Amino acid sequence: MKPVHRKLRPRLLAVAMVAALAAPGMASAQTAKERELEARIAQLESQVQALLSQQQQTATQVQEVRTAQAAQPARPATPAGTQPIQATTITPQANPGTTFTVGGMIRMDAMATKTTDGDIAKGTAGRDFYVPGAIPVGGDGPETYSDAHMKFSRLWLDASTTLDSGDRLGARLELDFFGGSLGNTAATNTYGATLRHAYVTWNNWLAGQTWSNFMDTAALIDAVDFVGPTDAVVFVRQPQLRYTSGPWTVSLESPETTVQPFGGGARAIGGDNSAMPDVIARYTHKADWGHFSVAGMARQLKYEPVAGADSTDTGYGATLSGLVKMGDTTDLRYQLTGGDGIGRYIGLATIQQDAMLDANGDIDALGGWAGYVGLRHVFNGRVRGNLYHARSQWDNETAWTGLGVTRKVQSWHANLIWTPYPKLDLGVEAIWGERTLESGVDGELIRLHTMARYTF
């Protein structure tokens, strides 16, 4: 670009000369004006020069930026099918960087059942999966019936965030449809959504409802039935406050007491919860061969049939569980639990109670033990099978409970599960179960349980 000030100077001088000729009588005044004009011209030249220098610096900087951009490698194109579905987050109120996921499963259960002493009442849990405490005893002969449902289908939502401080936050909400009926089996088969899990996590802390710390989910049997070894498994979900540090986990969990009334009859709930939460501590050792876990529990049992007339006792229990790998295709899973006042924690609280009520209206913790063992074998990448046995036995004081209460339950199971496509499982399980009362009278259940499950 040519300097502009070189063209301006002659024109400005010409203007000054014309002004001088137009007023010949004012020579001295014109000379002063010419000097003033010269000074202004010099000032304009200085300003123009500064503008030109600034323009040159800007042009240099632009060129440097373009050169740096050209030197950077080209950003690869986003592969087809992986472009974001939406441009904005679906959790606008969450912390920045929150990962939100949705999952679930669609599951159908269908089964044919034969019971030796009458049928299991329609619409009860024993018709949906194996519940040993529901096996009829002393009924009017054998009954055979079939059932099908979709109640164990699930939906869950997860959110997790790692903050700039390094703190980790998380939350989970999970529902299934194993709740109250909103329709009938003759037409709609509709059921209400039921809360399974709802909790938040902060680093090593957890607060909310999830599996009890007394339960080892990693040692559960790979069952076709919804639970499997229900006779013996620790199976409880409840509100709790939990802290985990390495292999140790300690929790304070919601207290509740179930009571066997004096003389027998249906169980009673404690009336008013204990003032103390159930205290549970667990230690888990993990290795290449599998894992081993041991947990202990202490709890206060409380029964208050009417306000101000309460009775308390102490409950305690311990459980050993684990998984042992036997090569690449076979593993052994087990659990052994014992104690006083642990009935609510065994078999979905459907087999026995935490305490017995004596003639004076006082409670005494009910002792018992429960255990299962199962062998799992993977035949190939698509077919696997399980064989397992479960049993629990209880120390009823028959002078208080009568002879009509459950003394023991046991079952044998064998299943095959076929996975023709990833996340799609088709399974069949044969079940034999037995329930025996303190009187010695027993009843049996024979069931063929089938399942189709797609997890997403």
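All values reported here derive from a predicted model rather than from experimental measurement.

### What about the overall build of the protein?
Stage number 1. When helices and strands are counted, the protein shows 3 helices and 21 strands.
Stage number 2. Put simply, the protein has 456 residues, and 39% of those count as buried.
Stage number 3. Sequence separation of at least 24 residues holds for 64% of the intrachain contacts in the protein that already meet a minimum separation of 6.
Stage number 4. Within the structure as shown, the protein displays about 24600 Å² of accessible surface, and the carbon and sulfur contribution to it stands at 59%.

### Topic: the sheet that holds strand 10 (residues 268–269)
Stage number 1. Here we have 4 strands laid out as an open sheet, ordered 10-9-15-16, and mixed in their pairing. At either end of the open sheet lies a strand with only one pairing partner, and these are strand 10 and strand 16 (363–365).
Stage number 2. Pairing of strand 9 (residues 258–260) with strand 15 (residues 355–357) involves 2 bridges; the strand directions are parallel. Looking at strand 15, one finds that V259 is bridged to A355.

### Some thoughts on the packing of aromatic side chains
Pairs of aromatic rings are described using the distance from one ring centre to the other and the angle between the two planes.
Stage number 1. Tallied over the entire structure, the rule returns 10 aromatic pairs.
Stage number 2. Taking the centre distance of 5.8 Å and the plane angle of 70° together, the rings of F129 and F178 count as edge-to-face. Of this pair, F129 sits in the loop between strand 1 (99–115) and strand 2 (143–149) while F178 sits in the loop between strand 4 (168–176) and strand 5 (194–202), and the two are 49 residues apart along the sequence.
Stage number 3. Judged by centre distance (5.2 Å) and plane angle (50°), the rings of F152 and F178 are tilted. Taken together, the positions of F152 in the loop between strand 2 and strand 3 (154–162) and F178 in the loop between strand 4 and strand 5 put the pair 26 residues apart, joining distant regions of the chain.
Stage number 4. On the accessibility criterion, F178 (29% relative accessible area) is partly exposed.
Stage number 5. An aromatic cluster of three or more residues is present, and its members are F129, F152, F178, W211, F226 and F235.

### A word on the pairing of strand 19 (residues 406–421)
Stage number 1. Bridge count between strand 18 (residues 383–394) and strand 19: 11 bridges; the pairing is antiparallel. Within the sheet, the bridge partner assigned to R391 lies in strand 19 and is Q410.
Stage number 2. The sheet contact formed by strand 19 and strand 20 (residues 424–437) spans 13 bridges and is antiparallel. Its bridge partner lying in strand 20, A414 is registered against A430.
Stage number 3. If you look at the hairpin formed by strand 19 and strand 20, you'll find 2 residues sitting between the two strands, and K423 has a positive phi there, around 75°.

### Regarding a nonpolar patch on the surface
Stage number 1. Together, I90, F100, V102, I106, M108, M150, L155, Y454 and F456 line one region of the surface with nonpolar side chains, adding up to about 820 Å² of accessible area.
Stage number 2. By secondary structure assignment, the location of F100 is in strand 1.

### What to know about the confidence of the model for the protein
Stage number 1. Averaged over all residues, the pLDDT of the protein is 90; the fraction at 70 or higher stands at 90%.
Stage number 2. In this model, residues 12–23 is a region of pLDDT below 50 whose contacts with residues beyond four sequence positions or in other chains number 8 contacts.

### Some points on the side chain of D331
Stage number 1. Within the fold, D331 resides in strand 14 (residues 330–340).
Stage number 2. D331 gets classed as buried once you look at its relative accessible area, which sits at 7%.
Stage number 3. A distance of 2.9 Å separates polar atoms of two side chains, one belonging to D331 and the other to R333.

### Focus on the pattern of salt bridges
Stage number 1. Scanning the entire structure with this criterion turns up 19 salt bridges.
Stage number 2. E36 serves as the salt-bridge partner of R40, at 2.7 Å between the closest nitrogen and oxygen. Separated by 4 residues within a single helix, R40 and E36 lie in helix 2 (residues 27–71), roughly one turn from each other.
Stage number 3. Measuring nitrogen to oxygen at the nearest pair gives 3.1 Å for the salt bridge that ties R299 to D278. Taken together, the residues R299 in strand 12 (residues 290–303) and D278 in strand 11 (residues 278–287) connect sequence positions 21 residues apart.
Stage number 4. Assessed through its relative accessible area of 0%, D278 is described here as buried.

### A closer look at the nonpolar core
Stage number 1. Within the largest apolar cluster, 31 residues are counted, with the highest numbers of intra-cluster contacts made by F214, F235, Y345, I346 and Y372.
Stage number 2. Elements with a contribution of two residues or more to this core: strand 12, strand 17 (367–378) and strand 18.
Stage number 3. Among the elements that make up this core, the one with the highest residue count is strand 18 (3 residues).
Stage number 4. Not counting residues up to four positions away in its chain, the partners in contact with Y345 are S212, F214, V233, V234, F235, V236, Q238, E253, D278, I280, M297 and R299.
Stage number 5. V259, Y303, I363 and A365 belong to the second largest nonpolar core, which has 8 residues in total.

### Side note on unusual backbone geometry
Stage number 1. For A349, which is not glycine, the phi dihedral falls at a positive 60°.
Stage number 2. Its relative accessible area of 14% is what places A349 among the buried residues.

### Details of the layout of surface pockets
Gaps between atoms show up when a probe of the same size as a water molecule is rolled over them.
Stage number 1. When its volume is computed, the largest pocket comes out at roughly 660 Å³.
Stage number 2. R154, L220, I221, D222 and R453 are, among the 20 residues lining the largest pocket, the residues nearest its centre.
Stage number 3. Listing elements by their share of the lining of the largest pocket, those giving two or more residues are strand 1 and strand 21 (442–455).
Stage number 4. Grouping the constituent residues of the lining of the largest pocket by class yields 8 nonpolar, 2 polar and 10 charged.

Criteria and thresholds
- Residues numbered from 1 in each chain as written.
- Predicted model: local features only at pLDDT ≥ 70, side-chain atom pairs only at ≥ 80, totals over all residues.
- Heavy atoms only, no water.
- Helix = DSSP H or I, 4+ residues; strand = E, 2+ residues; numbered from the N terminus.
- Buried < 20%, exposed > 50% of the residue type's maximum accessible area, 1.4 Å probe, protein only.
- Contact = heavy atoms within 4.5 Å.
- Areas by Shrake-Rupley, 256 points an atom, 1.4 Å probe, with all protein chains shown as cover.
- Pairing = 2+ DSSP bridges.
- Phe/Tyr/Trp six-rings, centres within 6.5 Å; stacked < 30°, edge-to-face > 60°.
- Patch = residues over 30% accessible without salt bridge, like charges linked within 9 Å, V, L, I, M, F, W, Y side chains within 5 Å.
- Salt bridge = Lys/Arg side-chain N within 4 Å of Asp/Glu carboxyl O.
- pLDDT = per-residue confidence, 0-100.
- Polar contact = N/O pair within 3.5 Å; in protein donor to acceptor, adjacent residues only side chain to side chain.
- Core = buried A, V, L, I, M, F, W, Y, C linked by side-chain atoms within 4.5 Å.
- 1 Å grid on protein atoms, 1.4 Å probe; cavity = no way out; pocket = protein on both sides within 12 Å on 5 of 7 lines; lining within 4 Å.
- Points joined across faces, edges and corners; volume = space filled by probe spheres on them.
- Nonpolar A, V, L, I, M, F, W, Y, C, P; charged D, E, K, R; others polar.

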